[in-house]
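Here are the chains, one letter per residue:
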Amino acid sequence: MSGKASRRKGHAYEREIVAKFKEMGWENAVTSRYASKMMDDMKVDLVNTEPFYIQCKCTKRAPNIRQILNDMPDTSNYNIITWKVPRDNDQYVMMNLDDFFELLTMLTKENIIKP
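The sections below set out a description of the structure shown in this document. (Residues numbered from 1 in each chain as written. Predicted model: local features only at pLDDT ≥ 70, side-chain atom pairs only at ≥ 80, totals over all residues. Heavy atoms only, no water.)

Describing the side chain of T49
Note on placement: T49 falls in the loop between strand 2 (46–47) and strand 3 (52–58). Among the polar contacts made by the side chain of T49, one reaches the main-chain carbonyl oxygen of F52 at a distance of 2.7 Å. Not counting residues within four places of it along the chain, the set of residues in contact with T49 comprises F21, W26, A29 and I54. (Helix = DSSP H or I, 4+ residues; strand = E, 2+ residues; numbered from the N terminus. Polar contact = N/O pair within 3.5 Å; in protein donor to acceptor, adjacent residues only side chain to side chain. Contact = heavy atoms within 4.5 Å.)

See below:
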């Protein structure tokens, strides 16, 4: 696949994830390409999705998770990578394990989920 086609698929995937965030109530969610070059340069693809920073990947091969998470901002937001495998349409979410357990703890303390 050409570089332009790959880029187009990646941008389409970003818009797809933005639409899902908007459906869930993050009405101001947009791509960082649209809103903030600074955030885009820090490997954050979606903005106005607090408390999450989202990096979207649409690739056949697994992204370099460690490198991407290391490149993302080190703030109180949770850094998350979404990954879509083209053609298979399999989609995954990756994040730091400590962040996952922090979210899990909040959900159980608020009785949103029960162990």
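As for the pattern of salt bridges
The tally for this structure, following the rule as stated, stands at three salt bridges. Between E14 and R33 there is a salt bridge, with the nearest N and O atoms lying 3.0 Å from each other. Separated by 19 residues along the polypeptide, E14 in helix 1 (residues 3–23) and R33 in helix 2 (residues 32–35) bring together distant segments of the chain. (Salt bridge = Lys/Arg side-chain N within 4 Å of Asp/Glu carboxyl O.)

Here we look at the pairing of strand 4 (residues 78–85)
The buried count for strand 4 comes to eight of eight residues, which makes it a mostly enclosed element. Of the two faces of strand 4, the one holding Y78, I80, T82 and K84 and the one holding N79, I81, W83 and V85 are both buried throughout. The parallel pair strand 3 and strand 4 is bridged by helix 4 (residues 65–71), and the resulting crossover is right-handed. Taken together, the six bridges between strand 4 and strand 5 (residues 90–95) define a ladder with antiparallel strand orientation. Looking at the pairing, I80 lines up with M95 of strand 5. Counted along the chain from strand 4 to the antiparallel partner strand 5, the turn is four residues long, and its residue R87 has a positive phi close to 70 degrees. (Buried < 20%, exposed > 50% of the residue type's maximum accessible area, 1.4 Å probe, protein only. Right-handed = clockwise from strand over helix to strand, strands pointing away. Pairing = 2+ DSSP bridges.)

Comments concerning helix 1
Helix length check: helix 1, at 21 residues, gives a terminal C-alpha distance of 30 Å against a target of 30 Å (1.5 Å per residue), a fit within 8%. For helix 1, every residue scored as buried is listed here: A5, G10, H11, Y13, E14, I17, V18 and F21. Against strand 1 (30–31), helix 2, strand 2, strand 3, strand 4 and strand 5 lie the buried residues of helix 1. (Expected span 1.5 Å × (residues − 1).)

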